[in-house]
Amino acid sequence: MPRAPEATDAAGEVSRLLQAWSRGESDALDRLTPIVYGELLRLARRHLRGERNGHSMQATALVNEAYVRLVDFTRIRWQNRAHFFAVSAQVMRRILVDHARRRNAKRGRSHRHVSLDEAVVVAPQPSLDLVALDEALQALARVDARKAQVVEMRFFGGLSVEESAAVLQVSAVTVMRDWRTAKAWLYREVMRGTTGDG
Amino acid sequence: MDESWMRVDALLQSALERPHAERDVFLREACGGDAALECEVRSLLDSYDQAGTFLERPAMEMDAAADPFVGRDISHYRIVERLGGGGMGVVYRAQDQRLHRFVALKFLAGEFADDPECISRFQREARAASALNHPNICTIYDVGDSDGHPFLVMEHLEGATLRERLTETRLPAERALLLGLEILDGLEAAHNAGIVHRDIKPANIFITSGGHAKILDFGLATGGGIAAGADSAIDQTGVGAVLGTAAYMAPEQARGEEVDQRTDLWAFGIVLYEMLSGTRPIAGIGPSADVPPAFANVIARCLEPDRERRYQHASEVRAALTKVRRVSGRRRRAWLTAAAIALLVATGLVAAEIGDIRQRSSGSARGPLIRSIAVLPLVNLTGDPSQEYLTDGLTDELITMLARQTSARVVSRSSVMRYKNTRPPTRDVARELGVDSVLEGSVTRVGDRVHITAQLIDAPSGTHLWAQSYDRSFDDALALPNELSRTVAREARLGASVLSPPRTVNPAAHDAYLRGRFIWFSPGSGGLEYFQKAVSLQPDYALAWAGLADAYVTQSGRTSPLQVMPLAGAAARKAVELDDSLPEAHLALAATLFYGDWDLKRAEVELLRALELNPNFAEAHHLHGYLLTVLDRNSEAIAEQRRSMELDPFARPWALGRAYVQTRQFDAAVQELRMRENARPGTMTRDLADAYWGAGMWHEWADEMAKRFRASNDEPSARTIERIFKRGGKVAAAEWLLSTIETRARNRYVSFNELALATARLERTDATMAYLERAYDEHYPFLILLKSQPLFDFLHHDERFLALLRKIGIPLSA
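Note that the structure is predicted; figures quoted are calculated from it, not measured. (Residues numbered from 1 in each chain as written. Chains lettered and ligands numbered in written order. Predicted model: local features only at pLDDT ≥ 70, side-chain atom pairs only at ≥ 80, totals over all residues.)

What follows is about the overall build of chain A. For chain A, the count of helices and strands is 9 helices and 0 strands. Along its sequence from the N terminus, chain A presents helices and strands in the succession α-α-α-α-α-α-α-α-α. Split into buried and exposed, the 198 residues of chain A put 42% on the buried side. At a minimum sequence separation of 6, the contacts of chain A that also span at least 24 residues come to 69%. (Helix = DSSP H or I, 4+ residues; strand = E, 2+ residues; numbered from the N terminus. Buried ≥ 20, exposed ≤ 12 C-beta atoms within 10 Å, placed from the backbone. Contact = placed C-beta atoms within 7 Å.)

To continue, consider the overall build of chain B. The number of helices and strands found in chain B is 37 helices and 15 strands. For chain B, the residues scored as buried account for 47% of the 814 residues in total. Within chain B, contacts between residues separated by at least 24 positions form 59% of all contacts whose residues are at least 6 apart in sequence.

Residues and elements named next belong to chain A. Between helix α7 (residues 145-156) and helix α8 (residues 161-168), the shortest axis-to-axis distance is 10 Å and the interhelical angle comes to 135 degrees. Judged by the inter-axis angle, α7 sits oblique to α8. When the axes of α7 and α8 are compared, the crossing they make is right-handed. Between α7 and α8, the residues in contact are Arg 146, Gln 149, Val 150, Met 153 and Arg 154 and Ser 164, Val 167 and Leu 168, respectively. Looking at the contact of α7 with α8 residue by residue, the classes come out as 4 nonpolar, 2 polar and 2 charged. (Axes fitted to C-alpha atoms, helices over the stretch in contact; angles between N-to-C directions. Parallel < 35°, antiparallel > 145°, perpendicular 65-115°, else oblique. Left-handed = near helix turned anticlockwise from the far one by under 90°. Nonpolar A, V, L, I, M, F, W, Y, C, P; charged D, E, K, R; others polar.)

A few words on the sheet that holds strand β9 (residues 213-215) of chain B. Residue and element names in this part refer to chain B. With antiparallel pairing, 3 strands are arranged side by side in an open sheet as β7-β8-β9. Either end of the sheet is taken by a strand with one partner, and the two such strands are β7 (159-161) and β9. Across the sheet, the mean angle from the axis of one strand to that of its neighbour is 25 degrees, orientation sign disregarded. Strand direction decides the pairing type here: strand β8 (residues 205-208) and β9, joined by 3 bridges, are antiparallel. Along β9, the bridge assignment pairs Ile 207 with Ala 213. Packing of helix α8 (residues 173-192) onto the sheet brings it into contact with β8 and β9, and relative to β9 it is tilted by some 35 degrees. (Pairing = 2+ DSSP bridges.)

So, about the confidence of the model for chain B. Residues and elements named next belong to chain B. On average, residues of chain B score 78 in pLDDT, and 81% of them reach the 70 mark or higher. Ranking the elements of chain B by mean pLDDT puts helix α16 (residues 351-363) last, at 28, and helix α37 (residues 799-808) first, at 94. A low-confidence stretch, residues 222-244 stays under pLDDT 50, and its non-local contacts, those more than four residues away or across chains, total 37 contacts. Within the model, pLDDT remains below 50 along residues 328-367, and this stretch shows 40 contacts once partners closer than five positions in the same chain are excluded. (pLDDT = per-residue confidence, 0-100.)

Before going further, it helps to spend a moment on helix α6 (residues 130-143) of chain A. All names here are of chain A. The terminal C-alpha atoms of α6 lie 20 Å apart, and with 14 residues this matches the ideal 20 Å at 1.5 Å per residue to within 8%. Every buried residue belonging to α6 is among Leu 130, Ala 132, Leu 133, Ala 136, Leu 137 and Leu 140, and all of these are buried. Buried residues of α6, seen end-on, are gathered within an arc of 145 degrees and therefore sit on one face of the element. Exposed residues on α6 whose side chains face more than 90 degrees from its buried face are Gln 138, Ala 139 and Arg 142. (Expected span 1.5 Å × (residues − 1). Arc of directions from axis to C-beta.)

A separate point is the nonpolar core. Leu 186 of chain A together with Ala 374, Ala 549 and Ala 575 of chain B are the most contacted members of the largest nonpolar core, which has 196 residues in total. With 11 residues, the top contributor of residues to this core is helix α4 (residues 78-107) of chain A. Of the domains in this structure, domain 1 (3-51) and domain 4 (351-504) of chain B are the two that each give at least three residues to this core. Among residues more than four places away in sequence, those in contact with Ala 549 of chain B are Ala 568, Ala 571, Ala 572, Ala 575, Ala 588 and Thr 592 of chain B. Counting residues in hydrophobic clusters, the runner-up holds 66 residues, among them Val 80, Val 153, Leu 265 and Tyr 311 of chain B. (Core = buried A, V, L, I, M, F, W, Y, C linked by C-beta atoms within 7 Å. Domains from an automatic or database assignment.)

Residue and element names in this part refer to chain A. Confidence along chain A averages 68 in pLDDT terms, with 57% of residues attaining 70 or more. Long-range and interchain partners of residues 1-8, a stretch whose pLDDT sits below 50, account for 2 contacts in this model, where long-range means more than four residues apart. Counting contacts from residues 108-126, a segment whose pLDDT is below 50, to residues more than four positions away or on other chains yields 18 contacts.

Turning our attention to unusual backbone geometry. Residues and elements named next belong to chain B. Positive phi, close to 65 degrees, is recorded for Arg 664, a residue that is not glycine. The residue Arg 664 is located in the loop between α30 (655-662) and α31 (666-679) in this model. For Arg 664, a count of 13 C-beta atoms within 10 Å puts it in the partly exposed group. Despite not being glycine, Glu 763 shows a phi value in the positive range, around 50 degrees. Locating Glu 763 in the fold gives a position in the loop between α35 (752-761) and α36 (765-777). The class for Glu 763 is partly exposed, based on 15 C-beta atoms found within 10 Å.

Let's shift gears to the environment of Asp 142 of chain B. All names here are of chain B. You can see Asp 142 is positioned in strand β5 (residues 140-146). The exposure class assigned to Asp 142 is partly exposed, which follows from the 16 C-beta atoms found within 10 Å. Residues Asp 142 and Val 153, 11 residues apart in the sequence, show an inter-C-alpha distance of 5.0 Å.

Turning our attention to the environment of Met 191 of chain A. All names here are of chain A. Within the fold, Met 191 resides in helix α9 (residues 172-197). You can call Met 191 partly exposed: it has 16 C-beta atoms within 10 Å. Distance in space between the C-alpha atoms of Met 191 and Ala 132 is 9.5 Å, their sequence separation being 59 residues.

With that settled, the discussion passes to the environment of Leu 772 of chain B. Residue and element names in this part refer to chain B. By the secondary structure assignment, Leu 772 is in helix α36. Sequence separation between Leu 772 and Ser 751 is 21 residues, and the spatial gap between their C-alpha atoms is 9.9 Å. If sequence neighbours within four positions are ignored, Leu 772 has contacts with Ala 756 and Leu 804.

Looking now at helix α23 (residues 528-537) of chain B. Within α23 of chain B, burial applies to Leu 528, Tyr 530, Phe 531, Ala 534 and Val 535 of chain B. Taken down its axis, α23 of chain B places every buried residue within 165 degrees of arc, on the same side.

The next subject is the packing of helix α26 (residues 583-596) of chain B against helix α27 (residues 600-613) of chain B. All names here are of chain B. The N-to-C vectors of α26 and α27 enclose an angle of 160 degrees; their axes lie 8 Å apart at closest approach. Regarding the angle of α26 to α27, the classification is roughly antiparallel. Relative to α27, α26 is oriented so that their crossing is left-handed. Contacts between α26 and α27 involve Pro 583, His 586, Leu 587, Leu 589, Ala 590, Leu 593 and Phe 594 from the first element and Arg 602, Ala 603, Glu 606, Leu 607, Arg 609, Ala 610 and Leu 613 from the second.

Following this line, the structure appears as C-alpha cells:
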C-alpha cells in the first residue's frame, strides 16, 4: 500500500533526528519530542476513548504503532529504535499523567478513594495513582536522575531492560539494579503519600 | 548524586543479592554502627519486599483498566472497576444497589454492540443460558440494556480464569482431574438442557478462590443446533478471538458444520491436556510425558477427529475419568515419577513459532552469511541472584549446542563470561572477540514459567537479524538451548545443522547438573556434590557423569591424585558408555587417560573422537595440543593451541605462549605472551617469567617475578627479589625463591613438582630428582608434561631422569 507523502517525510525527519540524537546532538531531542508527542497523543486518545472496544492497550503496542508510522525503519538501526522508545516514554508519561489528573479532577477525590480501597480488596494489582507516582518520580530524579529515567522508560514507555540499557549506555545488569532500588524508593514514597492523606 | 545516597544504593543492592536470612547480619556489619544509614537501607529493603508487582506492569495497560465507565451507575448497578475484556465483551465489577451484592456486568464489545442482529441474538441466548442453574456454571441473573447497549448481569466470582492459572504453571495431575470432573458436571447439565457451549477454552473456565470450576459465557456462543458457518464464527467471537479459539475447535466446527455436545467434548480434551502439561497438544506428536498414561487414553478418545468415535456424552468422559481417579489412588507413586521425568525431546517445537520465524526469514533471505558468533551471557532478569546458575547454564548449553550443530566458529564460555556484568556496546564486544555476530538475550522466571528472549545481531551493521521470545514451563525451558541453537543456525545460515539425538533428561537432574557446572566454572572449581546428585537422580545421564569426571580431575591437582583419579576414570567411562555421541564425555575420558593413566595412545583416540563430534571444542583442542607436545609433534601442537585460542581467546590467554615455551621457542613465546599481557594486564600466570628464563632475559625475568608478587599484594617479597637480584643475580634470586618455597612447604601442602622446579632453577640434580621421584610416587597428574618443561632440560642426560620418563610412559626424543 502506498504511503501518504507527508508520512514519508515525517519518517525521514524522525529517522534523521534519532540518528542525530544517538550521535549525541542533544538539540535533536528538542525537535523530536513534539513530533512524537503529537503522534502518540493522537493514538493514545483514540485508545483511551475507545473504552468499548474491549482491548486492553499496552504502551508497547502504542509506541510500536507510532514507531511504524513515524520512522523509516529500513534506514535505522535497532539502537535508534531504543532511542525512539526513550523519547516515547517521556511523552507517554506526560500523556498518561495528564489524563489521570483530569480524570481525578472530574471524579473528585473522595470518590477516587472509595474505589481505591475496594480495588485493594479484590484486585491483585490495585490501580495506581499516576499523579502521585509522577510526583514521586520527580523527587527521585533529584536524588538519582538515571534511576528515574529507568522507571520512565520501563514503566511509561514499556521498554525492555536491554532497550533501556542501550539508551542509557549502561549494562542490562545496571538497569536491573537501578530498577530495584527505584522500585523500593518509589513504593515507599507513594505509600507515604497515601497514608499521609488519611 | 551525593555520596550517602550512593552508599545506600550499593548496600541495598548487596543486601538484595543475599538470602533473606543473611541480610540482617550483613547490614549490621556493613553499616558499622551508622544507625541512620542502616535505618535507611532497612526501610528500602522492607519497601522492596512489600512492593510486589508495583510498577511491574506498564502504565498504559493499567490506564486502560481504569476506564471512564468506572464509577458510573447503570440501571441500579454502580460500576466499581473493570475486571477485563475479551474478544466478546468487557466485564466490570458492579454493586447491585438493591440487593447489596456484587455482580459482574458484561457488555457486548465494540463492533457487536452496533449490530442489531448481534444484539438480539445476544439477548435471546443469554435468556436461555440464564435458565441454567448449576454450581459449575457461572449464573446469569439478568439481561439489561443501557442506551442501546445490552449487558448481562452475572454471578460475581473471585479467583482467576484457568488461562491465567496456566500461564504460571501446569496443574498437578490430581488437581487437573478434580477440575476436569467439575467442568464435565457443568457441561452435562448444559447439554441435558440442549445448550452447547461451543467455545470451551481455559479463558472461559473460571477457578474460584475456593478452588472450584465455573464455566463462563455459557450459551453466548450459540444456542443448541444452530449451524455455525465460518462467517458467524467471526461474528460471534470477534476477529481477535478467532485465533485463540481455533486451537480448541473441533474439526467439524472448523469446517463450519453443525455443532453438538460432542464438539464441546473435543475442546474439553484439549483443556484437560493443557491442564496436565501446560501446553496444547501438537498434531502429529505424541502426548507430552507430563500427561499420565491413564489420562492420555481419555484425552485421545476426546480428540477423535470423527465425532462418532468420540465419547458421546459428558457423562461417559466423567465415568472414564472417575476410573482414572480410582487407579491413581492406588498408583500415585508410579504416577508422580512418570510426571517428574519429562521428556526433553528436541522435536517438541511449537509449530507456530517456527512458522513465524520462517515467514520473517523468507522476507530477508539476503541476510549476511555468518562465519563466527559469540553468545553473550543471558541476562538474569528474574530479580533473584540465586537464579544465576540457570541463566549461565542456559548460556553454556547454547554455546555447546551451537558449536556442535554448526560449522561456524563459536566463542567458548569462558571468553564470553567476561561480559556477564559489564556490557560494552555490541560492536566493541564483537571486535574484542573477533566475531561477526552476537547472540544475546535474557531470562525471566515467574514461578514455574521461564521466559527467554534471544536476539541475533549482525556486528558490523548493528542490525537485528532475528529475534524471538519463548515462554516455557521450567522443565521445558531446559530443552530450549537445543531448539534455539537450531533456529539460530538456520536463521544465520551458520552451516549445516547436525541432528543431535533426542535425549531424555529428568529436569531435577538437569537442574543439579547446571548448578554443578556453574560452581565448576567459578573460581574454586567445585561442583562435585551437584554432579553426584545429578547422577543419583538419573543414573543414565551421560553429561552429568562427564561433569563428575571433570570435577574429579580438577580436584586431583589439589588432593591425593591416587584416590581421585580412578573415580574420575570410572565416571568418564560411564559417560561414554551411556552416550557415545557426547563430545564432553570423550573429552572427560581423554583427560583421565592423559593425566590419570598417562596413556597417551588411548587419550588421543578419545580426543580425536571428541573433536570429530564437535570440531569447535576449544577445550579438546587445548588438551590435544598438550598431548602433541609430549609426542614431540611440535608444529601440530602449536596449531592446536592456536585453534583453541581462536575459539576461546580469553579462557587460556597463555596457551599459545606456553606451547612455545614447551617447544623451546622462547623468543616467540616472549613475543606472544608480552602481546597478551599488554592487551590484558595481569592475566598471565607464571608463563611469561618462564619464557624470559628460557630466553635468558634475566632482568626481565626478575621484573616479572616482582610484578607477580605485587599482583598478589605481596609488596615485601617483590622488593626482596628486586634487591637480591640486583646484588646477586639470577642465582641468588633463585636461591631465595627456593628457600621461601621450602619454608611454605613446612606449613602446608606444596606439590613436589613445585619444589622440583625451584631446585631445577639452580640445576641441583640430586635434589630435583628426589622431588620428582616423590611426585611420581604420589602420581602427580602433570608429570605427564615432564619432558615439556624446559627447566628440567639440564637433566636430560641423567639416567635417573630418562628412567623416570620411561616409567611414566613419555616417549624419548629421537
